[in-house]
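One-letter residues, chain by chain:
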Amino acid sequence: MKIIVQKITFSRIIFQRGLHGANKKLDSLIRVNHAGELGADRIYAGQMAVLGNSSVGPKIKEMWEQEKVHRDKFEQLIIQNRVRPSLLFPLWHFAGYALGAGTALLGPKAAMACTVAVETVIVEHYNDQLRDLMNDPESDKELLETIKKFRDEEQEHHDCGIDHGAEQAPFYDALTKVIKTGCKVAIEVAKRV
């Protein structure tokens, strides 16, 4: 069976409003993960725009390539399961890029601090989803394995950020606290909107 992956655009969001809603829990899970992976893709795009030619450019590009795979998978699941994407799609697009470019402008260590903060929250978020899926005997095993794989890759990104000096970023504690809080708020909003 050949699966065609279509890119999610704002016009596709408008036309997918009010879909089946048969499994609101699954819809919410796919919606929030799609929004998060879009945000991550845009964070790395912003970082690459600023630091692409620096010594950390190749590592950022490597992590970005994995995020593109994650985003594409959740775009496929959005279409396959007829889930309405987040209505705040344009916000996640803009905010992710601004966060990535903004922290990169503070330097490579601040960009890596951003990665550590975001990935800390995402790993926790994916772990919560995995616990829920493992406790549900009717859960989609393929989805469970996908989230496990992506969670492990997000943990690798976190560890890479630490290895590349994130904790030496100026105002590391304050910076990561603000970013973590923003990520947690975005997750809660994206589940619903």
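Moving on: helix α7 (residues 172-192). Along its 21 residues, α7 runs 31 Å from first to last C-alpha, staying within 8% of the 30 Å computed at 1.5 Å per residue. Burial in α7 covers these residues: Y172, L175, T176, I179, C183, I187 and A190. Summarising the axial view, the buried residues of α7 lie within an arc of 100 degrees, below the 170-degree limit, and thus occupy one face. Along α7, the residues that are exposed and aim more than 90 degrees away from the buried face are D173, K177, V178 and R192.

Before going further, it helps to examine the packing of aromatic side chains. Summed over the entire model, instances satisfying the criterion amount to one aromatic pair. Centre to centre, the rings of F74 and F150 are 5.9 Å apart; their planes meet at 65 degrees, and the pair counts as edge-to-face. With a gap of 76 residues between them, F74 in helix α3 (residues 57-80) and F150 in helix α6 (residues 141-163) connect regions that are remote in the sequence. With respect to class, F74 is no different from F150; both count as buried. Against the face of W64 rests K68, its NZ or CZ located 4.0 Å from the ring centre.

Overall, the coordinates contain one cavity of 30 Å³ or more when judged by the stated rule. Here the largest cavity is characterised by a volume of approximately 40 Å³. A40, I43, Y44, E67, T115, V118 and E119 together form the lining of the largest cavity. Those elements giving two or more residues to the lining of the largest cavity turn out to be α2 (24-51) and α5 (108-134). Here the residues of the lining of the largest cavity are counted per class, giving four nonpolar, one polar and two charged.

About the cut-offs
- Residues numbered from 1 in each chain as written.
- Predicted model: local features only at pLDDT ≥ 70, side-chain atom pairs only at ≥ 80, totals over all residues.
- Heavy atoms only, no water.
- Helix = DSSP H or I, 4+ residues; strand = E, 2+ residues; numbered from the N terminus.
- Expected span 1.5 Å × (residues − 1).
- Buried < 20%, exposed > 50% of the residue type's maximum accessible area, 1.4 Å probe, protein only.
- Arc of directions from axis to C-beta.
- Phe/Tyr/Trp six-rings, centres within 6.5 Å; stacked < 30°, edge-to-face > 60°.
- Lys NZ or Arg CZ within 6 Å of the ring centre and 35° of its normal.
- 1 Å grid on protein atoms, 1.4 Å probe; cavity = no way out; pocket = protein on both sides within 12 Å on 5 of 7 lines; lining within 4 Å.
- Points joined across faces, edges and corners; volume = space filled by probe spheres on them.
- Nonpolar A, V, L, I, M, F, W, Y, C, P; charged D, E, K, R; others polar.

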